[in-house]
Amino acid sequence: MQKINSTMLIEKAAQLLENGTADRVLGWKKGEFDYDITPAVFNSVDQIKKEFVFGDFCGANLSKYLVKETRKGDGKVAVFLKPCDTYSFNQLLTEKRFDREKVYAVGISCEGMADIFKVKQIAGDGIVSVSSDGENVKVETLYDGEKTIKLSDVIAERCINCKSRKCVAYDELMGEEGEIIDSDRFDMVSKIESMSEDERFGFWQNELSKCIRCNACRNVCPACTCEKCVFDNPDSCAQNKAPADSFEEKMFHIIRAFHVAGRCTDCGECSRVCPQNIPLHLLNRKFIKDIDTFYGEYQAGAQVGSRAPLVDYTEGDIEPGEAVMKGESENA
Amino acid sequence: MQINGEFKPLIVAFCCNWCSYAGADLAGNNRLAYPENVKIIKVPCSCRVNPMFILRAFQRGADGVIICGCHPGDCHYTSGNYYTRRRMSLLFSMLNFLGIEKERTRVEWVSAAEGAKFAATMNEFTEAVAALGENKRLEDLRCKR
Ligand code: SF4
Ligand code: SF4
Ligand code: FES
């Protein structure tokens, strides 16, 4: 099966507008640099032909944009969804965040996206241009000239530990119907669990102190779609831009992760957009792992309408004291 | 909290109106002693306790936080404490994951008839927190006097 490429998607997007299936398309266009591809709404075939791009840096999950875009008119919005994005799509539907009738979803198969942090680690800073042919990534930097890197060396962590290559929601599928994968995504969580308390504290203090409170992780998250966010409340004691005290970092991150616990689909967007490269997904995965061990396996977004674990209970649920011990020892 | 140069843990106890708060009352009526540094905050139901309340208590100088509610099955609002149980299981496990001492947080079910259990729980919890010393890992230096 041929890998999905830009030409195929441009053709499809144009076709959907031309035949009246949708009156606008959610896709990707080039940003400031080659690697910061940005989500965009396309209203005309002309615009699609000029600006639509797709490639190995199109990690952005478009599902969240449906919340606002579907409210803007009566016509349908066409959207391209990678397998992990379809889970977010389902989760948003479960929470009734948009009207399914107003969306035409095109599922696209995916073999993993590139991570610009990994590219920078190998090629160095000052990237002027990047291009990928699906096998090799050509990078041109200000200081070191041109370099060629194997694409497989710069695949994002979330894609290496992908939970599912299967599109779970679509009106039309491009490419192969993938499979749910038994990945090693909890390995790092287990590793941290097996550290000593002091080591864990040190690990997170080190990571979280890098946070500049840009709020990108919150803004990008398809599970974070509240109209009013607790962190915008001046009384929340975590509304500051740069955290003024290490308490604020912890507060922000614990609460951010907690608010999506049970609803986080593990799409990995939070870690992707973090300019400080903080492994936020590990916090989310800790919650997912705990939910799996305490209450049975649950994948948010696998089905529309499933009840999230935190708005559910059974009479025999584990007690918090035991849960903490279990969360520590499980797989340690 | 330092009192006259001696460390006394400050404990914040969230008690639900219908069982645990009445349990605390009963402990008082029966002249059962528990440490004066246990500060009780009455909430309508244990599930009113938002994770933010707990973190803010630590921020403002608490050394330990305990949530008390009706026994599972006895919640005045039928199921509030079942949600409390799930939320706190996950939250406490996360705090532990971040390296924050797990002994500083607890959930205990105390009925209106269990004055003795209330006093015993507070004594025991205060002692456990005292053994840990001051809360350093979730402190906010701006809130220190
Ligand atoms: S918390 Fe992160 S991984 Fe989870 S749904 Fe939000 S962006 Fe995706
Ligand atoms: S994206 Fe990164 S730096 Fe920005 S608020 Fe989130 S964790 Fe902090
Ligand atoms: S009223 Fe006591 S726990 Fe709900």
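Residues numbered from 1 in each chain as written. Chains lettered and ligands numbered in written order. Predicted model: local features only at pLDDT ≥ 70, side-chain atom pairs only at ≥ 80, totals over all residues. Heavy atoms only, no water.

**Q** Can you lay out the overall build of chain A for me, pointing to particular residues and giving the numbers?
**A** If you tally the helices and strands in chain A, you get 13 helices and eight strands. For 332 residues, the compact-globule estimate of 2.2 N^0.38 gives 20 Å, and chain A sits close to it at 20 Å. For chain A, the spread of C-alpha atoms along the three principal axes comes to 60 × 50 × 45 Å. Per-residue burial for chain A yields a buried fraction of 54% across its 332 residues. A fraction of 68% describes how many contacts in chain A between residues 6 or more apart in sequence connect residues 24 or more apart. Carbon and sulfur atoms make up 47% of the accessible area of chain A, which totals about 14900 Å². Charge-centre separation for chain A: the mean point of 43 positive side chains lies 4 Å from the mean point of 56 negative side chains. (Helix = DSSP H or I, 4+ residues; strand = E, 2+ residues; numbered from the N terminus. Rg over C-alpha atoms; globule rule 2.2 N^0.38 Å. Buried < 20%, exposed > 50% of the residue type's maximum accessible area, 1.4 Å probe, protein only. Contact = heavy atoms within 4.5 Å. Areas by Shrake-Rupley, 256 points an atom, 1.4 Å probe, with all protein chains shown as cover. Lys, Arg positive; Asp, Glu negative; His and termini not counted. Charge placed at Lys NZ, Arg CZ, Asp CG, Glu CD.)

**Q** Can you lay out the site of ligand 2 for me, pointing to particular residues and giving the numbers?
**A** Residues and elements named next belong to chain A. Near ligand 2 there are 14 residues, and of these Cys211, Cys214, Asn215, Cys217 and Cys274 occur at the shortest range. The set of elements that each furnish at least two residues to the shell around ligand 2 consists of helix H9 (216-220) and helix H10 (246-259). Looking at the shell around ligand 2 residue by residue, the class counts come to 10 nonpolar, three polar and one charged. (Near = heavy atom within 4 Å. Nonpolar A, V, L, I, M, F, W, Y, C, P; charged D, E, K, R; others polar.)

**Q** Lay out the sheet that holds strand E4 (residues 38-43) of chain B in plain terms, naming residues and giving numbers.
**A** Residues and elements named next belong to chain B. Spatially, four strands are ordered E4-E3-E5-E6 in an open sheet, and the strand pairing comes out parallel. Only two strands of the sheet have a single partner each, and these edge strands are E4 and strand E6 (105-109). Going across the sheet, the axis of each strand differs from the next one's by a mean of 20°, ignoring polarity. Bridging between strand E3 (residues 11-16) and strand E5 (residues 64-69) involves five bridges; their strand directions are parallel. Each bridged residue has a counterpart across the sheet, and for Phe14 the counterpart in E5 is Ile67. Running over the sheet, helix H3 (residues 80-97) touches E5 and E6 and is turned about 160° from E6. (Pairing = 2+ DSSP bridges. Axes fitted to C-alpha atoms, helices over the stretch in contact; angles between N-to-C directions.)

**Q** Requested: an account of the pairing of strand E7 (residues 145-150) of chain A, with residues and values cited.
**A** Residues and elements named next belong to chain A. Across six bridges, strand E6 (residues 136-141) lies against E7 in antiparallel orientation. When the sheet's bridge partners are listed, Glu140 is paired in E7 with Glu146. Where E6 hands over to E7, the hairpin turn is made up of three residues, counted between the paired strands.

**Q** Explain the packing of helix H13 (residues 320-329) of chain A against H3 of chain B to me, and be specific about the residues and the numbers.
**A** With their axes 8 Å apart at the nearest point, H13 of chain A and H3 of chain B run at an angle of 40° to one another. Between H13 of chain A and H3 of chain B, the crossing angle belongs to the class labelled oblique. When you trace H13 of chain A past H3 of chain B, the crossing you get is right-handed. On H3 of chain B, the residues that touch Pro320, Ala323, Val324, Gly327 and Glu328 of chain A of H13 of chain A are Arg85, Met88, Ser89, Phe92, Ser93 and Asn96 of chain B. Split into classes, the residues belonging to the contact of H13 of chain A with H3 of chain B amount to five nonpolar, four polar and two charged. (Parallel < 35°, antiparallel > 145°, perpendicular 65-115°, else oblique. Left-handed = near helix turned anticlockwise from the far one by under 90°.)

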